[in-house]
Amino acid sequence: GPSKGDIRDKVWAHLEGSGLAEFPRPVRGRIPNFKGSLQACGSIRELGAFSRAREVKVDPDKPLEGARLAALQARKTLLVPTPRLRTGLFNRIVPPPGASKEVLRICATSRGVRDYSVPVGLDGKAQVDLVVVGSVAVSEKGWRIGKGEGYADMEYAMMVSMGAVQEDTPVVTIVHDCQVVDIAEELLGDHDLTVDYILTPTRIIKTNCKRPKPQGIIWHKANVFVSYEMLGKIPILKTLRDREKQMGKDVTLQNEHPRLANSTRAAELNKKEMAENPQPQAATGSAQMGQPHVESEPLSPRLEGSGTITTVYVGNIPPSLRVSELKSALREFHVTPFRLNWQGAQHRAFLDYEDKVTAERAVSSLKGLSLGGNTLRVELARNQRNKG
């Protein structure tokens, strides 16, 4: 069946091709804005969950601007996540006393976050009664696909950790009708946020979703892919990890996990063996790790010198991913091949290892890895599997 990346690509292409896409363009790579978004947002007023809510969290995406305005017009406390969480968790939008309709409209935009907000950190006493998130695609069962960076899932998990949401806090998403599609449940991970209501320009859909929502940051999961690099970019994430560690929770990152620690020791032995038995130089059309890559035809597993090369196939690579990002992930998981054949235009790469044991360890370590919004397909190259 289609992957999350396939579904995103199809939705983005349809919105652009059918003339439904609105500013900012192109919508690819974004939570897409669409014609009728204000109408869809306006129907949030018909939800009892909205009427009862005193504090509403709405993502900063353009198609949700009408929902932010509705919350401000109803005199509710509006929380907007800091873009990419770089400077904190939330901004509380505080309109000036006696704000006119025009000022409230400004408060609902990105300018409002800049000019009319105060930051809310992990110690803030937020009690969110309703969560509104953007989506690229969503199913009537409540399965949601975002743009692939995981920030909405992470924001919700952080709200759980700080006690800002409860198990029964409703989650709403607002999309065009064409974004409501079939999504296989097996595409969802434990970290994926589901929704209770879907608002479109023509419908209000109650999903009756029973799948549990994330219960906090899942530090060790590959799909969330919390890395040291991410901790460096998101200071509040590092603060949360330190706090949970002090509370006695397991905050082991995936690349610190005992399973991968064994891989680390094995990789060190590998390096020693490779130093004692140098591998031949890469053939023309391949790329040594750390050297400029060259796009070429796939390398076939074959005998070179006295050793058998085992090749791992990596597929479903997103168009936006760079070879340097894949190399970084390989180093982080301690499964660096002695040669990498990058074929980004074909959305794939081939990793050459000096023996089958090392290659199989790489497949095991990289299984389920998500980069650039796509879950990579990782397996032994086809002719290598046939040999086995």
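Now for a quick tour of the structure. Since the model is a prediction, treat every value here as computed from it, not as a measurement.

Rules behind the numbers
Residues numbered from 1 in each chain as written. Predicted model: local features only at pLDDT ≥ 70, side-chain atom pairs only at ≥ 80, totals over all residues. Heavy atoms only, no water. Helix = DSSP H or I, 4+ residues; strand = E, 2+ residues; numbered from the N terminus. Buried < 20%, exposed > 50% of the residue type's maximum accessible area, 1.4 Å probe, protein only. Contact = heavy atoms within 4.5 Å. Pairing = 2+ DSSP bridges. Axes fitted to C-alpha atoms, helices over the stretch in contact; angles between N-to-C directions. Polar contact = N/O pair within 3.5 Å; in protein donor to acceptor, adjacent residues only side chain to side chain. Phe/Tyr/Trp six-rings, centres within 6.5 Å; stacked < 30°, edge-to-face > 60°. Lys NZ or Arg CZ within 6 Å of the ring centre and 35° of its normal. Core = buried A, V, L, I, M, F, W, Y, C linked by side-chain atoms within 4.5 Å. Parallel < 35°, antiparallel > 145°, perpendicular 65-115°, else oblique. Left-handed = near helix turned anticlockwise from the far one by under 90°. Nonpolar A, V, L, I, M, F, W, Y, C, P; charged D, E, K, R; others polar.

### Description of the overall build of the protein
Right, so step 1: Each helix and strand counted, the protein has 13 helices and 18 strands in total.
Right, so step 2: Among the 388 residues that make up the protein, the fraction classed as buried is 53%.
Right, so step 3: The contacts in the protein between residues at least 6 apart in sequence include a share of 67% that link residues at least 24 apart.

### Structural notes on the sheet that holds strand β13 (residues 310-315)
Right, so step 1: Reading across from one edge, β14-β15-β13-β18 is the order of the four strands in this open sheet, with antiparallel pairing throughout. Two strands close off the open sheet at either side, each with one partner strand: β14 (339-343) and β18 (377-380). Geometrically, the sheet is characterised by an average inter-axis angle of 15° between neighbouring strands, direction not taken into account.
Right, so step 2: In this structure, β14 lies alongside strand β15 (residues 348-353), joined through five bridges in antiparallel fashion. Within β15, the position partnered with N341 by the bridge is F350.
Right, so step 3: In this fold helix α12 (residues 356-366) packs onto β13, β15 and β18, with an angle of close to 160° to the strand it touches most, β18.

### Some words on α12
Right, so step 1: Within α12 the residues assigned to the buried category are T358, A359, R361, A362, V363, S365 and L366.
Right, so step 2: Backbone nitrogen of V357 and a side-chain oxygen of the N-cap are separated by 3.2 Å at the start of α12; the cap is D355.
Right, so step 3: Where α12 ends, the next residue or the one after it, G368, has phi of about 85°, a positive value.

### Topic: the packing of aromatic side chains
Right, so step 1: Tallying each qualifying case throughout the model produces one aromatic pair.
Right, so step 2: Positioned over the ring face of F50 is K76, at 4.9 Å from the centre of the ring.

### Some thoughts on the sheet that holds strand β4 (residues 117-120)
Right, so step 1: Spatial ordering of the open sheet is given by β4-β3-β2-β1-β5-β8-β9-β10, a layout of eight strands whose pairing is mixed. Each having just a single partner strand, β4 and β10 (204-206) make up the two edges of the open sheet. Along the sheet, successive strands turn relative to each other by an average axial angle of 25°, direction set aside.
Right, so step 2: Strand contacts of helix α4 (residues 65-73): β1 (55-58), β2 (77-81), β3 (90-93), β5 (130-133) and β8 (171-174), with the helix running at about 150° to β2, the strand carrying the most contacts.
Right, so step 3: Strands β1, β2, β3, β5 and β8 of the sheet are contacted by helix α7 (residues 151-161), whose axis makes an angle of about 150° with β1.

### Quick word on the nonpolar core
Right, so step 1: If you look at the biggest cluster of nonpolar residues, it comprises 45 residues, and the most contacted ones within it are I44, L130, V132, V172 and I174.
Right, so step 2: Sorting elements by how many residues they give to this core places α4 first, with five residues.
Right, so step 3: Discounting residues that sit within four places of it in the chain, I174 has contacts with F34, A40, C41, L64, A67, V132, V133 and L199.
Right, so step 4: Formed by 35 residues, the second largest nonpolar core is a distinct cluster that contains A157, V180, I198 and L240.

### Some words on the packing of α7 against helix α9 (residues 235-246)
Two numbers describe a pair of packed helices, the interaxial angle and the distance between the axes.
Right, so step 1: It is the contact of α7 with α9, at a shortest axis distance of 12 Å, that shows an interaxial angle of 40°. By the angle between their directions, the pair α7 and α9 is classed as oblique. At the point where α7 passes α9, the crossing takes the left-handed sense. Residues M154, M158 and S161 of α7 form the contact with α9, whose own contacting residues are I236, L237, L240 and E244.
Right, so step 2: When grouped by side-chain class, the residues that make up the contact of α7 with α9 number five nonpolar, one polar and one charged.

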